[in-house]
Amino acid sequence: MNVTIVDYKSGNISSVINSFKEVAQNKVKIGVTSDLNKIKSSDKVVLPGQGSFKSCIDALNKINGLIETLNDFAINNKKPLLGICVGLQMFADVGYEETETKGLGWIPGKVTKIDNQNGKYKLPHIGWNEINIMKDSKILKDVKDKSHMYFVHSYEFVPEDKKVISATTDYSSNIVCSVEKENIFGTQFHPEKSDKFGLKIIDNFISL
Amino acid sequence: MLKNRIIPCLDVKNGRVVKGINFVDLKDAGDPVEQAKIYSDGGADEICFLDITASNENRDTIYEVVEKTSKKCFVPLTVGGGIRSAEDINKLLNCGADKVSINTAAVQNSKVVIESSKKFGSQCIVVAIDAKKNGKNWEIFTHGGRNSTGIDAIVYAKKMEECGAGELLVTSMDRDGTQVGYDIELMSKISSKVNIPVIASGGVGNLDHLVEGIKLGKASAVLAASIFHYGKHSIKEAKEYLDSKGIPVRI
């Protein structure tokens, strides 16, 4: 089994690499690449994402054929894919950070700025927040309701179909923080920085 | 509900902890990696390294420390001290730091903040503000508090938010090392003025000071060094105390 972390120059992915390697030990091979053939031949793919929605989409577009490869992997071949932070947000049809930008369109919905209620809520939403588990999700197996996860973001994913939501968190409103749609998984929080429960999520994904 | 964070800070010089946790069972009391691991296992919400290495030839030691720590600690790691450029930031992030805190370089050239927050994302750019009371106002200082600038701390804080800082780490130079508590007035003034999280620093001597920093200083997170050193208080004790005072913490 091999799990590939997509390196598309979207910012710092060392923590993602470290955490996956820690969980995988020698059982699973963790690759880090932007090589399309390596991505195609992987069993699972992790799509991280830091910075803005636009900068991440731009970075994906810069690598010729990457979006098509990811589409094939996740949509046509229905192989497991985990998006983290902006990696999850990009599942949407459209994002509004910086400027209106088309997303991957894998889960219908949009990415909009969190309502700070006239300054009542500071943005970015930084720190540890509890997750409210909304439905059974394979990646949330053995993760208790109200577990703490580490968040850093100012934008939120608003999916059209609420059935894809596996967990939310309370900040200004109920922010979607985990989704599962068939073989596609995503977390708004950073499992790689969320201590043992975060590592558990990574373990669940690797063990799918 | 978003929890208030407790961030222990370790001063690192030439790759070694200067003041540290003095645990008897510690194999190597000067090893920052081992100390960071104790903090993260104890429930620290983040770990902060402040690199105080003076000589240029030893500056690379911090990279090795960060690299090793990030393979063992799975909570956010912030590194500050001596960061001059986007290249320094890139190097630290590549070694596994999650955030960098920029102090002197941000004062000298705010473009460093603008460019690095665009390049790496605001989430990893913390601007550290060292402020000293001057009459009714606070003035910011650079170079570890040695050089005055004549710049007003509140105005500067707002400017750094506009430049793209994701958080502000505010240290009162008057209180730093005194253990008499945070400069609450400074913290609450800055926190009310900006819409990004403020981390309070400088002056913690007991657990009540942490409570004050959050309740009165309106800080999102509290940073402390010496109360966690030499085993005076554990992170767990600090969190339980804050919890008993009605402050939301991750336990």
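Here the structure is a predicted model, which is why all the values come from computation and not from measurement.

Asks: Please give an account of the overall build of chain A that cites residues and values.
Replies: When you go through chain A residue by residue, the secondary structure sums to six helices and 14 strands. Since a compact globule built from 208 residues should have a radius of gyration of about 17 Å, the 16 Å found for chain A is in line with a globular shape. Each principal axis of the C-alpha atoms in chain A carries an extent, and together these give about 50 × 35 × 30 Å. Within chain A, the proportion of its 208 residues that are buried is 61%. Long-range pairs, those at least 24 residues apart, make up 71% of the contacts in chain A between residues at least 6 apart in sequence. With an accessible surface of roughly 8300 Å², chain A has 46% of that area assigned to carbon and sulfur atoms. Separation between the mean location of the 27 positive side-chain charges and that of the 25 negative ones in chain A comes to 3 Å.

Asks: Describe the interface of chain A and chain B, listing the residues and the values that go with them.
Replies: Facing 28 residues of chain A, the contacting portion of chain B comprises 34 residues. Of the roughly 2500 Å² buried where chain A meets chain B, counting both sides, 51% is carbon and sulfur surface. For chain A, the biggest contributors to the area lost against chain B are A:K122, A:I126 and A:W128; these three give 27% of the whole. Between chain A and chain B we count three salt bridges in total.

Asks: Provide a residue-level description of helix α7 (residues 184-193) of chain B, including the pertinent values.
Replies: Each turn of an α-helix holds 3.6 residues, which means side chains three or four residues apart point in the same direction. Inspection of α7(B) places B:I184, B:L186, B:M187, B:S188, B:I190 and B:S191 among the buried residues, and these make up the whole buried set. In this fold, the buried residues of α7(B) make contact with β6 (125-134), β7 (137-142), α6 (153-163), β9 (167-172), β10 (198-201) and α8 (207-215) of chain B.

Asks: Any details on the side chain of A:N12? Residues and values, ideally.
Replies: Residue position: A:N12 is located in the loop between β1 (2-6) and α1 (14-24). For A:N12, a relative accessible area of 8% gives the class buried. At 2.8 Å, the side chain of A:N12 and the backbone oxygen of B:A97 are in polar contact. The contacts of A:N12, once residues within four sequence positions are left out, are A:Q50, B:L93, B:N94, B:A97 and B:D98.

Asks: Requested: an account of the confidence of the model for chain B, with residues and values cited.
Replies: The predicted model of chain B has a mean per-residue pLDDT of 92, with 96% of residues at 70 or higher. Note on the complex model: pTM 0.95, ipTM 0.93.

Asks: Lay out the sheet that holds strand β5 (residues 94-95) of chain A in plain terms, naming residues and giving numbers.
Replies: Residues and elements named next belong to chain A. Here we have four strands laid out as an open sheet, ordered β6-β5-β7-β11, and mixed in their pairing. Sheet topology places β6 (101-102) and β11 (155-159) at the edges, where each strand pairs with a single neighbour. Across two bridges, the pairing between β5 and β6 is antiparallel. Looking at the pairing, G95 lines up with T101 of β6.

Asks: Account for the side chain of B:K239, with residues named and values stated.
Replies: Residues and elements named next belong to chain B. The residue K239 is located in helix α9 (residues 235-244) in this model. Classification of K239 as buried rests on a relative accessible area of 3%. Polar contacts involving the side chain of K239 include one to the side chain of D45, which spans 2.8 Å. Each residue touching K239, except ones within four places of it in the same chain, is listed here: I6, G43, D45, V249, R250 and I251.

What counts, and at which threshold
- Residues numbered from 1 in each chain as written.
- Chains lettered and ligands numbered in written order.
- Predicted model: local features only at pLDDT ≥ 70, side-chain atom pairs only at ≥ 80, totals over all residues.
- Heavy atoms only, no water.
- Helix = DSSP H or I, 4+ residues; strand = E, 2+ residues; numbered from the N terminus.
- Rg over C-alpha atoms; globule rule 2.2 N^0.38 Å.
- Buried < 20%, exposed > 50% of the residue type's maximum accessible area, 1.4 Å probe, protein only.
- Contact = heavy atoms within 4.5 Å.
- Areas by Shrake-Rupley, 256 points an atom, 1.4 Å probe, with all protein chains shown as cover.
- Lys, Arg positive; Asp, Glu negative; His and termini not counted.
- Charge placed at Lys NZ, Arg CZ, Asp CG, Glu CD.
- Buried area = accessible area lost by both parts, 1.4 Å probe.
- Salt bridge = Lys/Arg side-chain N within 4 Å of Asp/Glu carboxyl O.
- Polar contact = N/O pair within 3.5 Å; in protein donor to acceptor, adjacent residues only side chain to side chain.
- pLDDT = per-residue confidence, 0-100.
- Pairing = 2+ DSSP bridges.

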